[in-house]
Amino acid sequence: MRLNRSLGAVLVLAAAVTLTQGQQPNSCVDCHSALEGELHVTPEQFAQDIHAQKGLTCASCHGGDPSKTDESAMSKAAGFKGRIERAAVPKLCGSCHSDPGFMRQYNPSLRTDQLSQYQTSVHGKRLAAGDTKVAVCTDCHGVHDLRPASDTRSKVHPLNIATTCSRCHGDTQYMAAYKIPTNQFASYKTSVHHEAMVERGDLSAPTCTTCHGNHGATPPGVGSVANVCSTCHVFQAQLFDASPHKAAFASAGLPGCVTCHSNHGISKPGDAMLGTSAQSVCTNCHTQGDAGYKVAGDLQQQVSGLEASITRSDRILNRAESSGMEVSQARLEQDQARDALTKARVSVHTFAAAPVRADVDSGLKITAKTFGEGQGALRERDYRRTGLGMSLVAIVFVVAALKLYIREIEKNGKSGS
Amino acid sequence: MHSAQETQVASPARRRFLGMLLGGGLFASALSFIYPVLRYLVPPSLTDMGGDTVVAGKVGELRPNSGKIFRFGSRPGLLMLGTDGQYRALSATCTHLSCTVQYRGDLRQVWCACHNGMYDLAGRNLSGPPPRPLEQYDVHVRGDEIIVSRRREA
Amino acid sequence: MAPLARVRNWLDERFGWEELLAPLRHKTVPIHRYSYWYFLGGITLFLFGVQVCTGILLLLYYRPSANEAFESVQYLITQVQFGWLVRSVHSWAANLMIFTAFLHMFSVVFLRAYRKPRELTWVSGMLLLFLAMGFGFSGYLLPWNTLAFFATKVGTDIAGQVPFVGHRLMIFLRGGEEVTGATLSRFFGFHVAVLPGLTTLLVGVHLLLIQRFGISVPSRIEPEWRALPPEKREMRFFPNFLLRELMAWYIALGVLGALAAFSPWGLGTKADPFAPAPAGIKPEWYFLFMFQTLKLIPAKLGMLDGEVVGILTFSLAGLIWLLVPFLDGTKRTQRLVTGAAMFVVAYMGTMTAYGYAAK
């Protein structure tokens, strides 16, 4: 077996040496491309690696002498490190990546604090305590075909990050000892953020690292998760902070935002989340008779009232349009009513009736106008049909008169007198 | 049963009557066709056809450092008068989720109220969710009218 | 003298037309059980007249540029008084005219009215039918909406498949490699100047020939027709037939008005050349049977390209159809022509229905 393997390696080596006459001698890949499993690294694979493209070689990380074709290539004398231990990986990567002076020659704008960030993360702290199951640099970034994060094939491209994290965090067996949930990726896949990224192609949509950090990955605490959400959802956060819920949630130890909207499986919010029905989130705390319960019902009524009014106007405009009337001006105004509905759905985060009513009322004013325009279009249509009816009467009259006249003049025959 | 007499003699008075009836009917129907044509020939009061060019407002309508929404074809446009006295016009449909943007005098930027998207006065998307810039329009002042037109396409 | 007669007299003294028009008073129309088919030519002519009038009215507001065409039509149907009526009548009458033209053509085939000496009347009529379809194709693009844009793209693509001259033909039609504002300008020129000019000429020829040779009687019933006394077998054109034509024209007007009020022609959305084509683009109904046939032909037939075979087959069929009076000599060929005509009607009908039903 071992003889076979060595024989095979030597043969490949011989072939490779003859074929690569004139190229930079790289005995590492010459052998390792023939080896199996973890030891298998091909020149094609390594050519995709960003480090290789910048001129680094196997020896840059692993040491050794690629110009030698015998065992001395992997000698201690040549500085060969062999397989890098997991616990040693961050330090090895950091030996270049945390050195601004060194990195400057490749890309001055690249950050050089990844290692220090990592050391503050849960992964970094546990690694320092001796747990080698946690993620190190190579687990997320790859190793011999490492691509920059902007490359869509990279494991840390925004589209791929969640999958990369879930390789461990979604594996129940692997995570059994840690006693944290493993359903985050499954939940995230049902969320609007995932949909925004994957289906709408919005790369600015949040993925795991957006809220948890990438190198300094740590879950945000109960008191601070709302700050994470508020970096994008500014208005909702501001209104929430000014609302009675902020103090109430803080004293109950409940996280803002997440309590109603969940953290990973954030689904598209609907008006049914308001109000007092079974799907409402308000009834999780409020019960019949308390002030909040009343406000919840009021908010729901307001917002769904505006939505119904918009639908009503849309329907009459559709009817007018399908009868051939042109209603583009009213459609434009409907867009403004929809803007008002969007704003109302933001102002519900004040959890007070008055601000919401202000937005809803401005929307209702517009829908009243567009509904009137729809009615006007239908009236115009009816006016046209009446006009047509009258002209048809005139036409029938003329046709009848023609018939009678023809009959009259042909009393003596069709060929004339 | 008619007699030979009746088939032979067509009453001239009846024929004349029918002739007048027919003539009158034809004349009336001709009028009913001419009437819409005559109305059609009169140009409507709103002479602007939308499309490429539109009168977005009048000089003096906007205070410096303010903006207004105007209709451009079937979509809204934003006309702004900057502090430098320059008129600028952009498409007012946010490139994120199509809300209508507005001019913020305090920030001297264009802002979308829905999700806090920010654009500069040339329409470039600066921050927030918008993925693309707003389309720019050309502005010319003719007399006391501010004319906004689409940039020429190939 | 009655006032009307006095006016006629005054005009005649200065135009001298009574002498020229005298023969027209003797013009007659044969009466037999197929006489009703004779109305179709006049109805087609009337609808053409409607098109000219409504077309001229539309010209007052329409703007033939890619940036303004759609908006000008939108303006016309919303802001201009009765603009909706003029535009809908124009669109509906176009379709009705092509339909009656086809009916007229098929009635001539089945009644064999193209027999000697009327072969050239047939040829001029067929050319008029092609011109009418050209009117339809060019006019359809003018509102510059999505459907029209892509239908034009597909149609000119097919024209580009003609062997040898296809590419040049396509460039000529499109005014360039792609469908752009240049295409719109060109189609507008065809639609309001070139085609009307050619049509007026051919209609003149067509009517003159009919005037010269009179209206034909189907050979099958000719013997029994000749046996009738004169007053039973013919009617005067002026005023008897013309008054009946007038009835048909008024009914057509009523139909057009009803269509405009109950089923107005839609405008759709403005064409965006950079957007992908919507699914299920198809041409107007009078091209649909050919389009559907081309879709069904496999991509390759032996060594030949399927689409090219389809185009050449239709061109050949059209040419044979054009020359049918010269090929229809013996009783055998007559039966062949009638059979072929029935097949053509059935084929066109089925393919058109299929084209509508298919996605």
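The structure this text deals with has already been given above.
Residues numbered from 1 in each chain as written. Chains lettered and ligands numbered in written order. Predicted model: local features only at pLDDT ≥ 70, side-chain atom pairs only at ≥ 80, totals over all residues. Heavy atoms only, no water.

Peer 1: Tell me about the overall build of chain A, residues and numbers included.
Peer 2: The number of helices and strands found in chain A is 21 helices and zero strands. Relative to its full complement of 417 residues, chain A shows a buried share of 32%. A sequence separation of at least 24 residues applies to 54% of the contacts in chain A between residues at least 6 apart. As displayed, chain A has an accessible area near 24,000 Å², and 58% of this comes from carbon and sulfur atoms. (Helix = DSSP H or I, 4+ residues; strand = E, 2+ residues; numbered from the N terminus. Buried < 20%, exposed > 50% of the residue type's maximum accessible area, 1.4 Å probe, protein only. Contact = heavy atoms within 4.5 Å. Areas by Shrake-Rupley, 256 points an atom, 1.4 Å probe, with all protein chains shown as cover.)

Peer 1: Tell me what's going on with a nonpolar patch on the surface, and back it up with residues and numbers.
Peer 2: All names here are of chain C. A surface patch of nonpolar side chains, amounting to about 680 Å² of accessible area, comprises Leu120, Leu316, Leu319, Ile320, Leu323, Phe326 and Leu327. Among the elements of the structure, α14 (306–322) and α15 (324–327) are those that each provide at least two residues to the nonpolar patch. For the nonpolar patch, the leading source of residues is α14, giving three residues. Relative to the assigned elements, Phe326 resides in helix α15. (Patch = residues over 30% accessible without salt bridge, like charges linked within 9 Å, V, L, I, M, F, W, Y side chains within 5 Å. Salt bridge = Lys/Arg side-chain N within 4 Å of Asp/Glu carboxyl O.)

Peer 1: Tell me about helix α8 (residues 166–174) of chain C, residues and numbers included.
Peer 2: All names here are of chain C. By the burial criterion, the buried members of α8 are Gly166, Met170, Leu173 and Arg174. End-on, the buried residues of α8 take up no more than an arc of 85°, which puts them together on one face. Looking at the buried side of α8, the elements it contacts are α7 (146–159) and α9 (181–213). Phi turns positive, to about 70°, at Gly175, one or two residues after α8. (Arc of directions from axis to C-beta.)

Peer 1: Before we move on, could you go through the packing of aromatic side chains and cite the residues and values that matter?
Peer 2: All names here are of chain C. Overall, the coordinates contain 32 aromatic pairs over all chains when judged by the stated rule. On the numbers, 5.7 Å between centres and 45° between planes, the contact of Phe172 with Phe190 is tilted. Taken as a pair, Phe172 in helix α8 and Phe190 in helix α9 lie far apart in primary sequence, 18 residues in all. By relative accessible area, Phe172 is classed as partly exposed at 45%. A relative accessible area of 18% means that Phe190 is categorised as buried. Taken together through their ring pairs, the aromatic side chains of Phe99, Phe137, Phe172, Phe187, Phe190, Trp285, Tyr286 and Phe287 make up a single cluster. (Phe/Tyr/Trp six-rings, centres within 6.5 Å; stacked < 30°, edge-to-face > 60°.)

Peer 1: Outline the sheet that holds strand β4 (residues 87–91) of chain B, listing residues and values.
Peer 2: Residue and element names in this part refer to chain B. With antiparallel pairing, the six strands of this open sheet are ordered in space as β1-β10-β9-β4-β3-β2. Only two strands of the sheet have a single partner each, and these edge strands are β1 (53–58) and β2 (66–72). Within this sheet the neighbouring strands show an average axis-to-axis angle of 30°, counted without direction. As paired elements, β4 and strand β9 (residues 136–142) share two bridges and run antiparallel to each other. Note that in β9 the partner of Leu90 across the bridge is Gln136. (Pairing = 2+ DSSP bridges. Axes fitted to C-alpha atoms, helices over the stretch in contact; angles between N-to-C directions.)

Peer 1: Please provide a residue-by-residue account of the interface of chain A and chain C, values included.
Peer 2: Counting residues at the interface gives 22 residues for chain A, matched by 24 residues for chain C. The contact between chain A and chain C buries some 2,100 Å² in all, and 71% of this surface belongs to carbon and sulfur atoms. At the junction of chain A and chain C, the tally comes to one salt bridge. Our enumeration of links across chain A and chain C arrives at two residue pairs in polar contact (both at pLDDT 80 or more). Counting residues per element, the side of chain A that touches chain C draws most heavily on helix α21 (residues 353–409) of chain A, at 13 residues. Tallied by class, residues from the side of chain A that touches chain C come to nine nonpolar, six polar and seven charged. (Buried area = accessible area lost by both parts, 1.4 Å probe. Polar contact = N/O pair within 3.5 Å; in protein donor to acceptor, adjacent residues only side chain to side chain. Nonpolar A, V, L, I, M, F, W, Y, C, P; charged D, E, K, R; others polar.)

Peer 1: Account for the nonpolar core, naming residues and giving values.
Peer 2: Of all hydrophobic cores here, the largest spans 81 residues; its most connected members are B:Tyr40, C:Phe102, C:Met105, C:Trp122, C:Trp144 and C:Trp321. Residue contributions to this core peak at 13 residues, all from helix α5 (residues 83–110) of chain C. Setting aside residues no more than four positions away along its own chain, C:Phe102 makes contact with C:Leu129, C:Met133, C:Tyr286 and C:Met348. (Core = buried A, V, L, I, M, F, W, Y, C linked by side-chain atoms within 4.5 Å.)

Peer 1: Run through helix α16 (residues 234–241) of chain A, naming residues and quoting values.
Peer 2: Listing the buried residues of α16(A) in full gives A:Phe235, A:Gln236, A:Ala237 and A:Phe240. Packed against the buried residues of α16(A) are α15 (225–230), α17 (244–252) and α20 (328–347) of chain A together with β6 (109–112) of chain B.

Peer 1: I'd like a description of the side chain of A:Arg147, backed by residues and values.
Peer 2: Residues and elements named next belong to chain A. Relative to the helices and strands, Arg147 resides in the loop between α10 (137–141) and α11 (158–169). Although Arg147 is buried, it makes no salt bridge; Asp151 carries the closest opposite charge, 4.5 Å away. A distance of 3.0 Å separates the side chain of Arg147 from the side chain of Gln48, its partner in a polar contact. If near-sequence neighbours (up to four positions away) are discounted, Arg147 is found in contact with Gln48, His141, Arg153 and Ser154. (Lys, Arg positive; Asp, Glu negative; His and termini not counted.)

Peer 1: Give a detailed account of the pairing of β6(B), specifying residues and quantitative values.
Peer 2: Residues and elements named next belong to chain B. With three bridges connecting them, strand β5 (residues 102–104) and β6 associate as antiparallel partners. If you follow Arg104 over to β6, its bridge partner there is Gln109. In this antiparallel pair of consecutive strands, β5 and β6, the connection spans four residues, and Arg108 shows a positive phi of 55°. The loop that links β6 with its antiparallel partner strand β7 (residues 117–119) comprises four residues; one of these, Asn116, has a positive phi angle of about 65°.

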